[in-house]
Amino acid sequence: MKLYNGLVEKSLGNFSESMDYLLTTIDCFKNENDALGVNSAKNNIALIYYYQKKYLKAIKIWEELYHSPSDDHTEKTHKYLLNIGAAYHQLKDYDKAIKYYKLSLNLAVNIKDTLEQAMCYQNLGTSYNMKEDFITAEHFYSKSIEILKQQNNVKSLSELYFNIAGNYIETDIDKAYYYAQNSLNLAMKTEDLELLSDAYFAMYNVYSKKNKYKNAFDYLKKYHQIREKILNEKSINKVAELEAVYENEKKINTINTLNKEKLLQQKELQQKEIVTYF
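Residues numbered from 1 in each chain as written. Predicted model: local features only at pLDDT ≥ 70, side-chain atom pairs only at ≥ 80, totals over all residues. Heavy atoms only, no water.

Considerations on the overall build of the protein
No. 1: Each helix and strand counted, the protein has eleven helices and zero strands in total.
No. 2: Start at the N end of the protein and walk to the C end: the helices and strands fall as α-α-α-α-α-α-α-α-α-α-α.
No. 3: The burial tally for the protein puts 39% of its 278 residues in the buried class.
No. 4: In the form shown here, the protein has an accessible surface area of approximately 17000 Å², with 53% of it arising from carbon and sulfur atoms. (Helix = DSSP H or I, 4+ residues; strand = E, 2+ residues; numbered from the N terminus. Buried < 20%, exposed > 50% of the residue type's maximum accessible area, 1.4 Å probe, protein only. Areas by Shrake-Rupley, 256 points an atom, 1.4 Å probe, with all protein chains shown as cover.)

Written as structure tokens, this is what we have:
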């Protein structure tokens, strides 16, 4: 499911810390009469509930945001509706999901947000696919593909093909192969390791279903190689991040020490001046 995401993605996993921070942030924004800040923080809280699979709590917040007036209400309204639809999809209430996706789509068309339209079409395709209405699902998938091709949005198109392949893996293995292969072809044109690992995994799934275990193993091996590379890069980045924090703390400590020494020198000078004066 495609979601309108906020800053919470940067701290996924640290849900309790994120929640505490966001609740404090809301209080600060309220004190400053910053309605946009309040809404942004609330959206991120709803996202935390979504990732925790507390879908009804997430829906409740997004419903409140949808009905609350603000300066960016027109811009954000369709995004809240999209998220509500995604939550209902996770609850397997596909009819409600479709209802909210269509509401979101109408608003996205009105404000000419083509990327959001592509997301709505993709989600509609997925919900219709789950309802086993494959013709309608294919129609909406093709609409999403058309938009992303027009934008030459290789990354989003690869992600879309990957998601469609996953949707067809149990019902139409040939379509699953077609979309998985397209996802891989596009992923290989980018330097995005996450995209490439997803595409390799999709190909592994397809060949496993086809009982072509040699091909499946080859793609699984490639998938694990990419994942290992991603983990190594993340580890390197984490070490660099910690080193930066350490160096920053050292600088702060040095500055504090220098400030203390400066104060002592000033006091000594003042004392000398007093002694000299008398």
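A short note on the packing of aromatic side chains
By convention here, two paired aromatic rings are described through the distance between centres and the angle between planes.
No. 1: For the structure on display, the rule yields 15 aromatic pairs.
No. 2: Taking the centre distance of 5.7 Å and the plane angle of 90° together, the rings of Tyr-50 and Tyr-51 count as edge-to-face.
No. 3: Here Tyr-51 falls in the partly exposed class, since its relative accessible area comes to 28%.
No. 4: Here Phe-201 and Tyr-204 contribute two aromatic rings whose centre-to-centre distance is 5.6 Å and whose plane-to-plane angle is 45°, an arrangement assigned as tilted. With a gap of three residues between them, Phe-201 and Tyr-204 both fall in helix α10 (residues 193-209), about one helical turn apart.
No. 5: The class for Phe-201 is partly exposed, based on a relative accessible area of 30%.
No. 6: Its relative accessible area of 22% is what places Tyr-204 among the partly exposed residues.
No. 7: Site record: aromatic cluster; members linked through ring pairs are Tyr-141, Tyr-161, Tyr-168, Tyr-178 and Tyr-179.
No. 8: Note that Lys-210 overlies the ring of Tyr-177, its terminal NZ or CZ placed 5.7 Å from the centroid. (Phe/Tyr/Trp six-rings, centres within 6.5 Å; stacked < 30°, edge-to-face > 60°. Lys NZ or Arg CZ within 6 Å of the ring centre and 35° of its normal.)

Let's talk about the packing of helix α1 (residues 15-31) against helix α2 (residues 35-51)
No. 1: Orientation of α1 relative to α2, taken along the N-to-C sense of each, is 160°, at an axis distance of 9 Å. The angle between α1 and α2 falls in the class roughly antiparallel. Like other packed secondary-structure pairs, α1 and α2 cross with a definite hand, here left-handed. Together, Phe-15, Ser-18, Met-19, Leu-22, Leu-23, Ile-26, Phe-29 and Lys-30 of α1 and Gly-37, Val-38, Ala-41, Lys-42, Asn-44, Ile-45, Ile-48, Tyr-49 and Tyr-51 of α2 make up the contact between the two elements.
No. 2: Along the lines of polarity and charge, the residues of the contact of α1 with α2 split into twelve nonpolar, three polar and two charged. (Axes fitted to C-alpha atoms, helices over the stretch in contact; angles between N-to-C directions. Parallel < 35°, antiparallel > 145°, perpendicular 65-115°, else oblique. Left-handed = near helix turned anticlockwise from the far one by under 90°. Contact = heavy atoms within 4.5 Å. Nonpolar A, V, L, I, M, F, W, Y, C, P; charged D, E, K, R; others polar.)

Section: helix α3 (residues 55-67)
No. 1: With 13 residues, α3 should cover 18 Å at 1.5 Å per step; its first-to-last C-alpha distance of 18 Å lies within 8% of that length.
No. 2: Those residues of α3 that sit buried are Tyr-55, Ala-58, Ile-59, Ile-61, Trp-62, Glu-63 and Leu-65. (Expected span 1.5 Å × (residues − 1).)

As for the confidence of the model for the protein
No. 1: Of the residues in the protein, 77% have a pLDDT of 70 or more, and the chain-wide mean is 82.
No. 2: Scored below 50 in pLDDT, residues 268-278 shows zero contacts in the model against residues more than four places distant or in partner chains. (pLDDT = per-residue confidence, 0-100.)

Some details on the packing of helix α7 (residues 134-150) against helix α8 (residues 154-168)
No. 1: Where α7 contacts α8, the axes come no closer than 10 Å and their chain directions differ by 165°. As judged from the angle between their axes, α7 and α8 are roughly antiparallel. Judged by the twist between their axes, the crossing of α7 over α8 is left-handed. Of α8, the residues touching α7 (which contributes Phe-134, Glu-138, Tyr-141, Ser-144, Ile-145, Leu-148 and Lys-149) are Ser-156, Leu-157, Leu-160, Tyr-161, Ile-164, Asn-167 and Tyr-168.
No. 2: Tallied by class, the residues present in the contact of α7 with α8 amount to nine nonpolar, three polar and two charged.

Here's the deal with the environment of Asn-83
No. 1: Checked against the element boundaries, Asn-83 lands in helix α4 (residues 73-90).
No. 2: Remark: the alpha-carbon pair of Asn-83 and Ser-104, spanning 21 residues in sequence, is separated by 9.2 Å.

Thoughts on the pattern of salt bridges
No. 1: Under the counting rule described, the total for this entry stands at seven salt bridges.
No. 2: Taking the shortest distance from any N to any O, the salt bridge between Lys-131 and Asp-95 comes out at 2.8 Å. Placement of Lys-131 in the loop between α6 (114-130) and α7 and of Asp-95 in helix α5 (residues 94-110) is noted, with a sequence separation of 36 residues between them.
No. 3: The class of Lys-131 is partly exposed, set by a relative accessible area of 37%. (Salt bridge = Lys/Arg side-chain N within 4 Å of Asp/Glu carboxyl O.)

Some points on the environment of Leu-81
No. 1: Take Leu-81: it is sitting in helix α4.
No. 2: C-alpha of Leu-81 to C-alpha of Tyr-100: the two residues are 19 residues apart in sequence and 5.5 Å apart in space.
No. 3: Ignoring sequence-local partners within four residues, the contact set of Leu-81 consists of Tyr-66, Tyr-100, Leu-103, Ser-104 and Leu-107.

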